[in-house]
Amino acid sequence: MWGRAVPCQYEYSASEMSKYYLTTPIYYTNAAPHIGHAYTTIAADTIRALKRMQGYDAVLTTGTDEHGVNVERAAQAQGKTPREYTDVISEEFRQQWQILGLNIDRFERTTSERHARVVQELFRRCRDRGQVYKGQYSGQYCIFDNAYVNDAKPGDPCPDCGRPTETVVEENFYFKLSEYTDKLLKLYEDQPDFIQPESRRNEVIAFVKEGLKDLSISRTTIKWGIPVPDEPKHVFYVWFDALTTYMSAVDGEKIHGDDLWPADLHLIGKEIVRFHAIYWPAFLMAADLPLPKRIFAHGWLLFENDKMSKSRGNIVRATPIHKVLGTDALRYFLLREVVFGQDGSFSFDALVGRYNSDLANGLGNLASRTLSMLHQYRAGAVPASDGASRIAAATAVATAAALEAFDKFEFSKALEIIWSLIAILDKYIVDQAPWKLAKMEGGEERLNRTLYTAAEALRIITSLLAPVLPASAAKIYAQLGFTTPITDVRTKDLHWGHLPAGQVLGAVAPVFPRADAKLSIEKMKELEAEEYARQQAVLGKNVETKTEEKPAGTPQIAIDDFLKVDLRVGVVLDAANVPKSDKLLHLHIDIGEEKPRSIVAGIAEAYKPEALVGRKVAIVANLAPRKLRGIESQGMIVAASLEGGSPSLVSFLEEVPIGARLK
Ligand code: MSP
């Protein structure tokens, strides 16, 4: 059914009980938390609990990424110091994880003193080993992705997000990244599971094989950053700073005599693989420090098929879901519905649908049925029996298979396996019909066996699910009469027969009351609007638009300057994803010329190619052609982009002819 039965596989030997250090990305302080951020942090919290169940001392770090020109300008626009600005948003993240009941062991801010010290130390080690040098940087920089854009010219958009790049001419420290091409390729070869899933690994290998350029790791034109030692004009490039959080968060800490660093796992979203899988190991190699063991990149959470973003206004926050259905419902949905590693969609309908079918009807029903029969027929105590051997065997097979899937972060598969076991159990109970056995003469022993089987399987299922459903599993566990916390359960306890005969059950109460779909969705949407307004107020009302409306220092231009830009209406004839790019689409756009224009635009995060065909758009028609990822781009699509959000294309409410000029 689930492959080979390997019941002993879920016993971990004492020697394996050691530390397991895992991290989430540290979140930018230019947006308030939403379920995209919650997705990573919930997955990390689940892995932490799974590792603890396996006997590891698991430690989870998250935090906030607070430096950079983007933040400096946003704070300035609000009349705040950068620190005042980031204090508020950092606190929002901290509180969000508390509301969701996530077990965060360390919350590190890049503005902490300890962090600054560790970043400076990493730099010193690189410098002492001759891995950095001073040079002149002249080129384009994207302040939104905090990325240097090689080969771009002034006026070019960022090849990743499509937003305008800025010209930077300054003295920088360079890191000799170009010397790491072979070393990195060897690392990926020697440790095939260093980058997962496989598709991401292949992308990184292909990228590195093209050769790496030295990387600028300091800036002299901004102040909001960590100072470079002995170089008063320089602050660190934000990714050199941010990645080092993974070390500073556990600086000098040991567990059972082992240093917590290196991390056993960096969990990240797919868009930041390059920074983690290339820059980070290269910095550490240069400093002669241990490398993290694994980087796992999950996919994006889409809302009704578009990537969630501030600019599209399709962001969903976690607190309203927590208030209406409970955090476990969100956790279950995210981990069951989305194949970990791939993109997946969130919708309120699907959330409530899964809640009712899998949690209320599936697990909730099995628990309340089993517990109420024990109360009704056995005065609320566990009867003595070995249970049905067929069900014991099926449970062992399912447990081994689910643990194996969990271990590979195949959450959806693991949950599917556990729900198949729930179905087997439901059928077993119906077949045995305890309500008939209770009335049958001589049915005592069979009734004991049936009830013990149901209760023992429920104990194992609940324990297995505790990492995914911590609050509800704890409730069912207490209703089964356990007085120790469910978090004490280890994989060795998942064997059949651990439920003690005679154990007195706790009080029974429904764990997943059925939700009225219409009412609960209405309520979540209402609370969503309230939460949005609350976040806006906390962040300072215009925090999301102010900096974009008029970036500090934008010069005024005369009408003649504006008229130099030839803006035209066009229609999209076809669109396709650019290979090996998450953000770029290649489009052909008819603007009434003899041949359609070939245009590469950074809008793949926000738009599916097929959704664009036939759509009217505005393009800059007289931009000098340039090559992006080897494709000639003969113009630029006009889109609105809020800070930290993805682009939203300009569109027309009235009919407009193709080729019409915008002026
Ligand atoms: N600050 C950097 C990371 C530095 S790590 C040393 C950053 N921050 S971020 O705020 O943009 O957060 C990015 C992470 O948030 C993603 O990698 C992902 O883990 C999570 N997500 C944010 N939006 C998401 C979705 N819509 N879907 C899935 N995950 C998302 O990048």
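The coordinates are above.
Here we summarise the structure given alongside this text.

Before going further, it helps to examine the packing of helix 12 (residues 348-378) against helix 18 (residues 517-539). Interhelical geometry of helix 12 versus helix 18 gives an angle of 130° and a closest axis separation of 10 Å. Comparing the axis directions of helix 12 and helix 18 gives the class oblique. For helix 12 against helix 18, the interelement crossing comes out right-handed. Each of Phe348, Asp349, Leu351 and Val352 in helix 12 lies in contact with helix 18, whose residues at this interface are Ala517, Ser520, Ile521, Met524 and Lys525. Considered class by class, the residues forming the contact of helix 12 with helix 18 number six nonpolar, one polar and two charged.

Let us look at the nonpolar core. With 111 residues, the main nonpolar core has Ile35, Phe346, Leu363 and Trp419 as its most contacted residues. Considering each element in turn, this core owes the most residues, twelve residues, to helix 12. Setting aside its immediate chain neighbours within four residues, Trp419 contacts Tyr332, Asp358, Leu359, Gly362, Leu363, Leu465 and Leu469. If you look at the next biggest cluster of nonpolar residues, it comprises 72 residues, including Tyr148, Trp239, Ile255 and Ile272.

This part covers the site of the ligand. Surrounding the ligand, one finds 23 residues, the nearest of these being Ile26, Thr40, Asp65, Glu271 and Leu301. Measuring from a nitrogen atom of the ligand, one finds a side-chain N or O atom of Asp65 at 2.7 Å. Elements represented by at least two residues in the shell around the ligand include exactly strand 2 (27-28), helix 1 (35-53) and helix 7 (238-243). If one sorts the elements of the shell around the ligand by residue count, helix 1 sits on top with four residues. Classifying every residue of the shell around the ligand gives twelve nonpolar, eight polar and three charged.

A word on the sheet that holds strand 17 (residues 301-303). In space, the three strands of this open sheet follow the order 18-17-19, with mixed pairing throughout. For this open sheet the edge positions go to strand 18 (306-307) and strand 19 (344-346), each flanked by a neighbour on one side alone. By the bridge criterion, three bridges tie strand 17 to strand 19 in an arrangement that is parallel. Among the inter-strand pairings, Phe303 is bridged to a residue of strand 19, identified as Phe346.

Our next topic: the side chain of Thr453. When you line up the elements, Thr453 lands in helix 16 (residues 444-465). Classification of Thr453 as buried rests on a relative accessible area of 0%. Excluding its chain neighbours within four sequence positions, the residues that come into contact with Thr453 are Gly387, Ala388, Ile391, Tyr428 and Trp496.

Criteria and thresholds
- Residues numbered from 1 in each chain as written.
- Predicted model: local features only at pLDDT ≥ 70, side-chain atom pairs only at ≥ 80, totals over all residues.
- Heavy atoms only, no water.
- Axes fitted to C-alpha atoms, helices over the stretch in contact; angles between N-to-C directions.
- Helix = DSSP H or I, 4+ residues; strand = E, 2+ residues; numbered from the N terminus.
- Parallel < 35°, antiparallel > 145°, perpendicular 65-115°, else oblique.
- Left-handed = near helix turned anticlockwise from the far one by under 90°.
- Contact = heavy atoms within 4.5 Å.
- Nonpolar A, V, L, I, M, F, W, Y, C, P; charged D, E, K, R; others polar.
- Core = buried A, V, L, I, M, F, W, Y, C linked by side-chain atoms within 4.5 Å.
- Buried < 20%, exposed > 50% of the residue type's maximum accessible area, 1.4 Å probe, protein only.
- Near = heavy atom within 4 Å.
- Polar contact = N/O pair within 3.5 Å; in protein donor to acceptor, adjacent residues only side chain to side chain.
- Pairing = 2+ DSSP bridges.

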